[in-house]
Structures are given as C-alpha cells and as structure tokens.
2 protein chains.
Amino acid sequence: MKDTKTFAVLATDVAVLTIDNGVLKVLLTQATSKNFKGMLTLPGGLVGHKERTEEAAIRVLKEIMIKTDYYNEQLYTFDDPGRDPEGRVVTVAYLMLVPEDEAKRVTRKDASWHAVKTLPKLAYDHNEVVKAAVKRLMGKLTYTNIVYSLMPLEFTLSDLQKTYETALELTLDKRNFIKKIKSLNLVHKTTHKVEGSAHRPATLYRFRERKYKRVDLF
Amino acid sequence: MKDTKTFAVLATDVAVLTIDNGVLKVLLTQATSKNFKGMLTLPGGLVGHKERTEEAAIRVLKEIMIKTDYYNEQLYTFDDPGRDPEGRVVTVAYLMLVPEDEAKRVTRKDASWHAVKTLPKLAYDHNEVVKAAVKRLMGKLTYTNIVYSLMPLEFTLSDLQKTYETALELTLDKRNFIKKIKSLNLVHKTTHKVEGSAHRPATLYRFRERKYKRVDLF
DNA sequence: TCAAAAGTGTTCAGTGTACACCCATGG
DNA sequence: CCATGGGTGTACACTGAACACTTTTGA
C-alpha cells in the first residue's frame, strides 16, 4: 500500500458562525448531492487543481455572501474514507466569523442561518464540523481577542458582553466585565451614542485594533 | 472550475517531538524524492485509498519506531499547490509527542533527532510544519496537561520543571512551580527515589492520569 | 567536608469576585 | 413618573511572584 499513489477528491467546507440576537448561528445551504438531497449542508465545494483550499472556500462563499473578508482560519481536515458515499473525499474545513450586522448580507435564497444548538442532521459529517467550529470558537474567545471578528465596527460594552455570554454560555457581572475589558485596553470610546432607546443612551466603542492576538480573558 | 473534480495526492507527515537533555528535538529522516535528495524530511508518506491520514501516519512511523502509541493530534493541512514540485500533494500533518526515555527507541538508521532551534533547510515545506508543531506544543503546554506525553512514567519534579522550561523557553521558580503542580493535583509521589546521584535523592512522581484535559498553567 | 541538587514557607502585590445604587432617556 | 438598560466603586479573598536556607547524598 505504501507505494500506491492515492488520488483523493479534495474539498473544502466552511462553518460560518455569527451571533444573531443572543443566539450562535451557522450558515447552511441546501445539499445538492443526490445522497443528501433535502438536507442542509455547510457551504463548500471541490478545490481546483491549482487552488488552495482556503481560496476555494472563499470562492464558494462569494456565491452566498457579498463580502467575504472576515476572520477565517483552517479548522480541521475530515478524512474518514466513508464520509462521502460517492467516494474518497477529504475536506479541509474552515471556521469563519461574521459580525452580526453583516450577517444579513446573505445573497443566495437557499442559504440561511441556523442556531447551532438545535441543528437537524446535516449532510455528510457536517454536524461534527460545526461542533469542532464551536469548540474552536469558544477556546479562542477565552485566550485571544477574536471577539472583534464577531462585532460590528462600533458597539456598546453591553453588546460585547452579550457576545461573550452567548458564545461561551456563561453570564458575567457587568462591572467586572467592563473592568476587565478596560484593563486589557482592547477598546476605546467613540463620540457616538446609541439613540432612540427608551433609556440612557449607551456609548459606542471601537476596538483599538482588529488584529488577532493573544489576550487573557476569563 | 467549480464543476471540475480535482484529484490531489493525499499525504501525511508527522512532526514527532521530544525533549532530549534540555533540548527540544524533532525526528527527521533522509528524503528520498529526487527533488530533495540529500535533505532531511519529516517522516511521512502517501495515504492509502481506504486509509485515514492518521492511520497512514502511524503506519509510516512503525517503520521507524518500535512503539507508536504516543500522544498524537492533527496539526494542520498544508495545501500550497507548489509545495511539491512533482505535482499537487496535500499533506495532513500530525504532531506526536514522545517521552524522553522512549526517544532512544528509534529503529531505522536514517532517522535521528535534531534540535528544532538549529534545523537546516528541510525538504518540502517541512520547516514550516515543524514551526507549527512547536507553536502548537507551546500553546497546549500552557493550557492543558499534555506535558504527561513528554514525561516517562516516573519522573522528578525537577524533570517536570525542566520540561516546561525547555519547551516554553522560560525559567521558573522551583518553589512556585511545585506549589502550582501540587495545587492542580496532577501528580502523586511514588515510594521510589532516584539513586546514585551525588546529592540528596529526588522523589519520583507519577501523573494521576495520563489523559488530556484542560488545566491552567502559566 | 565539600559540592550538588532536593526540598520547603512567607510576604506582598495584584487580580478576580461579589455586590447595589443612581443616571439618562422615551413613552 | 415609570420602565428600561447604562454606568459606576469598594471590600475581600485568592492567586502569582519574589525570595534563601537547610537537607541528603556521593565523592
């Protein structure tokens, strides 16, 4: 066996996550393969001969979303020989994070957001992929600053807190949270405030830099 | 392009790391491909048609090492279309950790350990793979208990400390280190001591469990 | 008795946690 | 004036960090 060149079909799938109104969601489309007709699936497709898997992932997403320059990282490679009944398909999965306000900008009709907590059985091993994506997200939220990739340009500190609470499934004390965020120097005030709410207007903040780095949260 | 099935050659490479006498090392073999003749390379090979990449990785390692049931995790998939001059080869890289006392048990003559700090130019993109492996190791040492996979069954607390110091490139205070390790309840004393040293004999310890879990170190 | 590494506690600073009330606005 | 979420400070416990000397052994 060791001298046999093996030709595998190379694919990519992307778990695009966002937080929508206090719910962690993943972007799903309708499966087209005859084996999974009628089921939901992660956006994905085959990789071109000269193409990197990440490029292929972006190419596929461009058919679904207007913008694709969001946080994206390689997640895991799924290689079970039986994962696709049609043959040996190895998929390099990616994790993409989209801010809540951008998540509306999904252009294809068969694509929509689904709460990760209540997913039906997905095509292929995509339930497993989503699980890995959520786990990765939860890990990275606690020891890096990637939360910026889930937030709009300007946001309130309550928004930020809710994002952590939703994604990490915990509740935080408002005063301690703010103290922490301020001590890490991740954000700065803007001169803007949220208008039109039936209560004291919240100050809008921005991240000092939207660039991945390690920081020590919870 | 999106409707073209792409056949890629699927390979696997393993960065096997160990700590040898205060030096972090990686297991390398002689490259055989004509493009990289004479260079060193990570152990690796092509993946069989019905084979998982991890199985293939273990199969390849069995030709080099007596035992292979060490800590092993998928590291990253390297897919640059130009990474192998002979054609499109996508490699799923693994990270394996071997305890110092087991590292002697390398059976093939062309395989040997090399300090990761002073590697020559390796075949393919294997310098990059090693770099990713070391980075992963350093991360996991700080927030999990995988250090067990680098230690022999019994070890002194100084050994353990030196392992962290070597792999993480830092120095630790002995008293604080022991306090930390004890508070995490990771190890327990044995009745054995190290004999024959020209100083007070050190107590040997064991891990309570050699099972991956998150813990909060440094 | 000397050299070498093992083994052991305390103090202090800083961080994490618990906790409650007033503020600004729209309706 | 009421309802709603925004915004703020303090006290205490705990953790992390700095730091030095005695013990046990072999040579």
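A. Spatial organisation of the protein's contact with DNA strand C. Neighbouring residues of DNA strand C: 22 residues in total, closest A:Ser197, B:Ser158, B:Lys174, B:His199 and B:Thr203. Each atom of DNA strand C within 4 Å of the protein was classed as base or backbone; sugar and phosphate made up 42%. Between a base nitrogen of DNA strand C and a side-chain N or O atom of A:Asn176, the distance comes to 2.9 Å. In this structure, a base oxygen belonging to DNA strand C sits 2.8 Å away from a side-chain N or O atom of B:Lys179.

B. Inspection of the protein's contact with DNA strand D at higher detail. Lining the immediate surroundings of DNA strand D are 22 residues, of which A:Lys174, A:His199, A:Thr203, B:Asn176 and B:Arg200 lie closest. Within the side chain of A:Lys179, a nitrogen or oxygen atom sits 2.9 Å from a base oxygen of DNA strand D. Between B:Arg175 and DNA strand D, the recorded distance is 3.4 Å, taken from a side-chain N or O atom to a base nitrogen. If you tally residues by element for the surface near DNA strand D, the top one is helix H4 (residues 174-184) of chain A, at five residues.

C. Region of interest: the interface of chain B and chain A. Contacts between the two partners involve 34 residues from chain B and, on the opposite side, 34 residues from chain A. Each partner contributes to the roughly 3100 Å² buried at the junction of chain B and chain A, and carbon and sulfur atoms together form 52% of this total. For A:Arg52, the salt bridge goes to B:Asp80, with nearest N and O atoms at 3.1 Å. Where chain B packs against chain A, one counts 14 residue pairs in polar contact (both at pLDDT 80 or more). Secondary-structure elements contributing two or more residues to the side of chain B that touches chain A are strand S1 (7-19), helix H1 (53-62), strand S5 (71-78), strand S6 (89-98) and helix H2 (126-143) of chain B. When its residues are assigned to classes, the side of chain B that touches chain A shows 13 nonpolar, nine polar and twelve charged. Note: strand S1 (residues 7-19) of chain A against S1(B), three bridges, orientation antiparallel. Paired with A:Phe7 across the bridge in S1(B) is B:Val9.

D. Structural detail: the pattern of salt bridges. Following the criterion strictly, the structure yields 33 salt bridges over all chains and no others. Among the ionic contacts, a cluster of salt bridges with common partners joins A:Lys67, A:Asp69, A:Glu102 and A:Arg105.

E. Here's a closer look at the environment of B:Glu73. All names here are of chain B. Secondary-structure assignment places Glu73 in strand S5. Excluding residues within four positions of it along the chain, Glu73 makes contact with Tyr94, Leu95, Arg136 and Lys140. At 2.6 Å, the side chain of Glu73 and the side chain of Arg136 are in polar contact.

F. Here's a closer look at the pairing of S6(B). All names here are of chain B. S6 sits mainly inside the fold: ten of its ten residues count as buried. Here S6 shows two buried faces, one formed by Val89, Thr91, Ala93, Leu95 and Leu97 and the other by Val90, Val92, Tyr94, Met96 and Val98. In the sheet, S5 pairs with S6 via seven bridges, with the strands oriented antiparallel. Paired with Asn72 across the bridge in S6 is Met96.

G. Just unusual backbone geometry, in detail. Positive phi, close to 50°, is recorded for A:Tyr124, a residue that is not glycine. Tracing the chain through its elements places A:Tyr124 in the loop between strand S7 (112-115) and helix H2 (126-143). Relative accessible area serves as the criterion here: at 22%, A:Tyr124 is assigned to the partly exposed category. Positive phi, normally seen in glycine, also occurs at B:Asn185, with a value near 60°. Inspection of the secondary structure assignment puts B:Asn185 in the loop between helix H4 (174-184) and strand S8 (187-193).

H. Expanded view of the nonpolar core. Residue and element names in this part refer to chain A. Leu17, Leu137, Leu141, Leu160 and Tyr164 are the most contacted members of the largest nonpolar core, which has 43 residues in total. Of all the secondary structure elements, the ones that give two or more residues to this core are S1, strand S2 (24-30), strand S5 (71-78), strand S6 (89-98), H2, helix H3 (157-168), H4 and strand S9 (203-207). Here the element with the most residues in this core is H2; it accounts for six residues. Lining this core are residues from two domains, each supplying at least three of them: domain 1 (9-143) and domain 2 (146-207). The residues contacting Tyr164, other than those within four sequence positions of it, are Leu141, Val147, Glu169, Leu170, Leu172, Phe177, Ile181, Leu217 and Phe218.

I. Spotlight on the domain arrangement of chain A. Residues and elements named next belong to chain A. In terms of domain boundaries, chain A breaks down into domain 1 (9-143) and domain 2 (146-207). Each of domain 1 and domain 2 has a C-alpha centre, and the two are 27 Å apart. Listed as interface residues are 18 residues of domain 1 and, on the opposing side, 13 residues of domain 2. Roughly 1300 Å² is buried in total at the junction of domain 1 and domain 2, and carbon and sulfur atoms are behind 74% of that figure. Of all residues in domain 1, Ile19, Met138 and Leu141 give up the largest surface area on contact with domain 2, accounting jointly for 42% of the area buried on that side. Across the contact surface, domain 1 and domain 2 share one residue pair in polar contact (both at pLDDT 80 or more). Contributions of two or more residues to the side of domain 1 that touches domain 2 are made by S1, S6 and H2. When residues of the side of domain 1 that touches domain 2 are assigned to their parent elements, the largest contribution, five residues, is made by H2. Residues that form the side of domain 1 that touches domain 2 fall into these classes: eleven nonpolar, three polar and four charged.

Conventions and cut-offs
- Residues numbered from 1 in each chain as written.
- Chains lettered and ligands numbered in written order.
- Predicted model: local features only at pLDDT ≥ 70, side-chain atom pairs only at ≥ 80, totals over all residues.
- Heavy atoms only, no water.
- Near = heavy atom within 4 Å.
- Polar contact = N/O pair within 3.5 Å; in protein donor to acceptor, adjacent residues only side chain to side chain.
- Helix = DSSP H or I, 4+ residues; strand = E, 2+ residues; numbered from the N terminus.
- Contact = heavy atoms within 4.5 Å.
- Buried area = accessible area lost by both parts, 1.4 Å probe.
- Salt bridge = Lys/Arg side-chain N within 4 Å of Asp/Glu carboxyl O.
- Nonpolar A, V, L, I, M, F, W, Y, C, P; charged D, E, K, R; others polar.
- Pairing = 2+ DSSP bridges.
- Buried < 20%, exposed > 50% of the residue type's maximum accessible area, 1.4 Å probe, protein only.
- Core = buried A, V, L, I, M, F, W, Y, C linked by side-chain atoms within 4.5 Å.
- Domains from an automatic or database assignment.

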